[in-house]
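Okay, here's what each chain looks like letter by letter:
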Amino acid sequence: ARHVRRLHHLDWSHPVIRNERGTAAVEFGLILMPFMLLLLGVIDYGYFFMVKLAASNAAREAAREASTFPGACPNGGAKTAGETLAKSRMDNVGQSGNTTATVSCASVDGQPEFTADVVVSFPKLVGFVPMPSDGDNARASGKSTFRGIA
């Protein structure tokens, strides 16, 4: 009963004063990691979609460029011009070294049809975000088809 007597001597009308130094730093540390993961994930996905859009545009422009060359399939000049243009467009986003551009020609109803396929395999900015990939690299692609002139 001795400890009960001591409880009566406490003044419960005043809150207990605690040492709260450093709590803001601890709270900041707890919030920082999830926030940084979210921020880096948004940046990584934004970069991926930018490269994917650039690959789609490069494929469209390459197929259009190839379709302006007259002649039936196989048309080596059209193929080379389309592939060169696709690489040039991907160089604008710094990905020409990671780009594989192929232009093929097929004859449809007597007319040449050019298909451009641009595939970009580039290193991820952050490695933890799931996205279309081939191993450690992200993979973005674009494909387009244009009819040419015979």
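What you see is a predicted model; the values in this text were computed from it and never measured.

### Some details on the nonpolar core
Here is step 1: Among the nonpolar cores identified, the biggest contains 23 residues, and Met90, Val118, Val120 and Phe122 are the most heavily contacted of them.
Here is step 2: Every element with two or more residues in this core is listed here: helix H2 (23-67), helix H3 (76-91), strand S1 (99-108), strand S2 (111-123) and strand S4 (137-147).
Here is step 3: Per-element tally for this core: the top contributor is H2, with nine residues.
Here is step 4: With residues up to four places along the chain from it excluded, the contact list for Val120 reads Val51, Ala55, Met90, Gln95, Asn98, Thr99, Ala138, Arg139 and Ala140.

### Points about H2
Here is step 1: For H2, with 45 residues, the first-to-last C-alpha span of 66 Å sits near the 66 Å given by 1.5 Å per residue.
Here is step 2: In the structure, H2 departs most strongly from a straight axis at Leu32, where the bend amounts to approximately 30 degrees and where the proline Pro34 lies between one and four residues downstream.
Here is step 3: Among all positions in H2, only Gly41, Asp44, Phe48, Val51, Ala54, Ala55, Ala58, Ala59, Ala62, Ala63, Ala66 and Ser67 are buried.
Here is step 4: In this structure, the buried residues of H2 make contact with H3, S1, S2 and S4.

### Re the side chain of Lys124
Here is step 1: Relative to the helices and strands, Lys124 is located in the loop between S2 and strand S3 (133-134).
Here is step 2: It turns out Lys124 is buried and unbridged, and the closest side chain with the opposite charge, Asp44, is 6.7 Å from it.
Here is step 3: Residues contacting Lys124, with those up to four places away along its chain left out, are Asp44, Val129, Met131, Ser133, Gly135, Asp136, Asn137 and Ala138.

### Section: the state of the cysteines
Here is step 1: Enumeration over the complete set of coordinates arrives at one disulfide.
Here is step 2: Between Cys73 and Cys105 runs a disulfide, and the two sulfur atoms are separated by 1.7 Å. Here the S-S torsion is close to -60 degrees, and the disulfide linking Cys73 with Cys105 is therefore left-handed. Pair noted here: Cys73 is in the loop between H2 and H3 and Cys105 is in strand S1, with a separation of 32 residues, a long-range link.
Here is step 3: Since its relative accessible area comes to 24%, Cys73 is described here as partly exposed.

### Section: the pairing of S1
Two faces make up the sheet, and in a regular strand the side chains alternate between them.
Here is step 1: The pairing of S1 with S2 spans ten bridges and is classified as antiparallel. Opposite Cys105, over in S2, you have Phe114 as the bridge partner.
Here is step 2: A loop of two residues connects S1 with S2, the two strands running antiparallel in sequence, and Asp109 in this loop sits at a positive phi of about 55 degrees.

### What to know about the pairing of S2
Here is step 1: Two strands pair when backbone bridges link them, and S2 and S4 are joined in this way by eleven bridges, in the antiparallel orientation. Bridge pairing in S4 links Asp117 to Lys143.

### Here's the deal with unusual backbone geometry
Here is step 1: The linkage connecting Cys73 with the following residue, Pro74, adopts the cis geometry, with an omega of -5 degrees.
Here is step 2: You can see Pro74 is positioned in the loop between H2 and H3.
Here is step 3: The phi dihedral of Asp109 falls on the positive side, at around 55 degrees, and the residue is not glycine.
Here is step 4: Looking at the element boundaries, Asp109 is found in the loop between S1 and S2.

### Focus on the environment of Ser67
Here is step 1: Here Ser67 lies in helix H2.
Here is step 2: Here Ser67 falls in the buried class, since its relative accessible area comes to 9%.
Here is step 3: Each C-alpha atom of the pair Ser67 and Thr145 lies 9.1 Å from the other, and the pair is 78 residues apart in sequence.

Cut-offs applied
Residues numbered from 1 in each chain as written. Predicted model: local features only at pLDDT ≥ 70, side-chain atom pairs only at ≥ 80, totals over all residues. Heavy atoms only, no water. Core = buried A, V, L, I, M, F, W, Y, C linked by side-chain atoms within 4.5 Å. Buried < 20%, exposed > 50% of the residue type's maximum accessible area, 1.4 Å probe, protein only. Helix = DSSP H or I, 4+ residues; strand = E, 2+ residues; numbered from the N terminus. Contact = heavy atoms within 4.5 Å. Expected span 1.5 Å × (residues − 1). Bend = angle between axes of the 7 residues up to and from the residue. Lys, Arg positive; Asp, Glu negative; His and termini not counted. Salt bridge = Lys/Arg side-chain N within 4 Å of Asp/Glu carboxyl O. Disulfide = S-S within 2.5 Å. Pairing = 2+ DSSP bridges.

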